[in-house]
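Structural overview
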Amino acid sequence: MGLKDLIVMSTPVPTLRDRIVLITGAASGIGRATAIASARNGARLVLTDLHADPLDAVVREINDAGGTVVYHQAGDISDYDWVRSFANQVDAEVGVADVVMNIAGVSAWGTVENLEHRHWRTMVDVNLMGPIHVIECFVPQMIRRGKGGHLVNVSSAAGLLALPWHAAYSASKFGLRGVSEVLRFDLRRHGIGVSLVCPGGVDTPLVDSVEIAGINRDDPRIKSQIARFHKVAVTPETAAAAILKGIRKNHFLVYTSFDIRFGYWWARKFALPYEILMRVANDQFDHLARVSARSLERKAAAQNGTDVSST
């Protein structure tokens with residue numbers, strides 16, 4: 001490899017037109033928005049999601065709008081045997097993917113004393129092992145074909161920053177960040193680009209369905225915080241546009257909003273202020289957790305017909 005090759009890499013996939021693009025988590029949120037945007041850019045889509053009916057609805061929507069879905073199948077990416085079978089069918093019926101996008105994911109938050117083993121297990125199985133299964137089953141063919149390609153892994157702001165209550169979620173997202181950083185260099189010699197997408201707040205159904213261990217989501221103060229999140233969150237379409245731009249420009253780190261770009265820069269340049277800020281945020285979340293705990297106690301007491309004094 002010459003000096004120029006060490007410094008500059010030609011964009012592997014400058015356009016999605018007529019490219020085979022695999023997208024996981026395509027039935028909702030960022031995955032759905034990215035599938036629709038990719039179709040508008042002329043991609044030939046291979047789509048999957050855990051939920052069959054919403055996936056079928058997205059496929060109909062794309063086809064009705066003149067897009068092209070060449071293959072779709074519902075399944076669980078945390079199940080390696082299913083992913084292997086799915087990949088074999090895609091290889092046989094469609095061919096080798098030009099772009100592989102790992103967008104599917106789940107979330108659960110909570111402090112370590114409230115998180116259960118199932119929370120840790122699910123985060124790692126879906127958010128980390130799921131993408132690894134897809135990489136195992138789709139990227140080697142891309143390498144053997146020898147015509148380059150692009151891999152997109154959706155991590156999170158929680159894969160860059162130590163956000164309160166995110167230990168289990170961050171375990172999976174930091175892990176995916178590490179995989180992506182290594183593959184960024186491993187796959188370069190094969191002409192395959194890698195993008196690590198780090199969304200901040202994105203207004204998707206996941207926001208309202210995320211499980212927060214030990215927290216009463218019916219508490220007005222919790223609802224208020226969730227409402228504030230909705231106000232600052234970007235749309236899935238904004239996130240999708242950032243992803244497609246990241247592919248076109250062959251960017252490694254892809255941000256969907258300025259706040260995360262700035263926060264990561266701040267964390268690297270100003271370590272002590274970053275630590276202090278995280279401690280303050282943690283204290284605020286801890287206060288919210290204690291308020292919510294008292295709310296849960298009062299709710300339980302009311303259901304049992306007993307009195308609990310406010311503290």
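None of the values given here were measured: they were computed from a predicted structure. (Residues numbered from 1 in each chain as written. Predicted model: local features only at pLDDT ≥ 70, side-chain atom pairs only at ≥ 80, totals over all residues. Heavy atoms only, no water.)

**Here we look at the overall build of the protein chain**
Broken down by element type, the protein chain carries 11 helices and 9 strands. Residue burial in the protein chain is summarised as follows: out of 311 residues, 48% are buried. Partitioning the contacts of the protein chain with sequence separation of at least 6, the portion at a separation of at least 24 is 73%. (Helix = DSSP H or I, 4+ residues; strand = E, 2+ residues; numbered from the N terminus. Buried < 20%, exposed > 50% of the residue type's maximum accessible area, 1.4 Å probe, protein only. Contact = heavy atoms within 4.5 Å.)

**Observations concerning the side chain of asparagine 250**
With respect to the element layout, asparagine 250 can be found in the loop between helix H9 (236-249) and strand S9 (253-255). Take asparagine 250: its relative accessible area is 17%, and that puts it in the buried class. Sequence-distant contacts of asparagine 250, defined by excluding residues within four places in its chain, comprise Met9, Ser10, Thr11, Pro12, His150, Gly193 and Val194.

**Observations regarding helix H5 (residues 117-145)**
With 29 residues, H5 ought to run about 42 Å at 1.5 Å a step, and its terminal C-alpha atoms sit 41 Å apart, in line with that. The largest bend along H5 measures about 40 degrees and falls at methionine 129, with the proline proline 131 one to four residues further on. Just past H5, the residue glycine 146 takes up positive phi, approximately 75 degrees. (Expected span 1.5 Å × (residues − 1). Bend = angle between axes of the 7 residues up to and from the residue.)

**Concerning the nonpolar core**
By size, the foremost hydrophobic cluster in this structure holds 37 residues, and its most contacted members are Val46, Phe86, Val100, Phe138 and Leu151. The set of elements that each furnish at least two residues to this core consists of strand S1 (20-24), helix H4 (80-93), H5, strand S7 (192-198), helix H10 (258-269) and helix H11 (271-304). Ranked by residues supplied to this core, first place goes to H5 with 6 residues. What leucine 151 contacts, discounting residues up to four positions off in sequence, is Val100, Asn102, Ile135, Val139, Leu183, Leu187, Ile192, Gly193, Val194 and Ser195. (Core = buried A, V, L, I, M, F, W, Y, C linked by side-chain atoms within 4.5 Å.)

**Some words on a nonpolar patch on the surface**
Nonpolar side chains collect at one region of the surface, where Phe258, Phe262, Trp265 and Phe270 lie side by side and expose about 420 Å² of accessible area between them. By the element assignment, phenylalanine 270 lies in the loop between H10 and H11. (Patch = residues over 30% accessible without salt bridge, like charges linked within 9 Å, V, L, I, M, F, W, Y side chains within 5 Å. Areas by Shrake-Rupley, 256 points an atom, 1.4 Å probe, with all protein chains shown as cover. Salt bridge = Lys/Arg side-chain N within 4 Å of Asp/Glu carboxyl O.)

**Here we look at the pattern of salt bridges**
As enumerated under the stated definition, the model contains 5 salt bridges in all. Between glutamate 116 and arginine 118 there is a salt bridge; the shortest N-O distance is 2.8 Å. Glutamate 116 sits in the partly exposed class, given a relative accessible area of 40%. The partly exposed category is assigned to arginine 118, whose relative accessible area is 42%. For the salt bridge of arginine 279 with glutamate 275, the shortest nitrogen-to-oxygen distance reads 2.9 Å. Taken together, the residues span about one helical turn, with arginine 279 and glutamate 275 both in helix H11 at a distance of 4 residues. For arginine 279, a relative accessible area of 48% gives the class partly exposed.

**A few points about the side chain of serine 156**
By the secondary structure assignment, serine 156 is in the loop between strand S6 (149-154) and helix H6 (167-186). On the basis of relative accessible area, serine 156 is assigned to the buried category, the value being 8%. Here the side chain of serine 156 touches alanine 158 through a polar contact of 2.9 Å, landing on its backbone nitrogen. Apart from the residues lying within four places of it in its own chain, the contact partners of serine 156 are Tyr169, Lys173, Val197, Cys198 and Pro199. (Polar contact = N/O pair within 3.5 Å; in protein donor to acceptor, adjacent residues only side chain to side chain.)

**Brief notes about the pairing of strand S3 (residues 68-74)**
Across 6 bridges, strand S2 (residues 44-49) lies against S3 in parallel orientation. Within S3, the position partnered with threonine 48 by the bridge is glutamine 73. Of the crossover connections in this fold, the one passing from S2 over helix H3 (residues 52-64) to the parallel S3 is right-handed. (Pairing = 2+ DSSP bridges. Right-handed = clockwise from strand over helix to strand, strands pointing away.)

**Points about a positive patch on the surface**
A cluster of basic residues, Lys245, Arg248, Lys249 and Arg261, forms a positive patch at the surface. Within the secondary structure layout, lysine 249 lies in helix H9. (Lys, Arg positive; Asp, Glu negative; His and termini not counted. Charge placed at Lys NZ, Arg CZ, Asp CG, Glu CD.)

**Considerations on the pairing of S1**
The two faces of a sheet get side chains in turn, since along a regular strand they alternate between them. Burial runs high along S1: 5 of the 5 residues are buried. Across the two faces of S1 the burial is the same, with Ile20, Leu22 and Thr24 and Val21 and Ile23 all buried. Of the pairings in the sheet, the one linking S1 to S2 comprises 5 bridges and is parallel in character. Bridge pairing in S2 places isoleucine 23 opposite leucine 47. Chirality of the crossover, the property in question, places the unit of S1, helix H2 (residues 29-40) and S2 among those that are right-handed.

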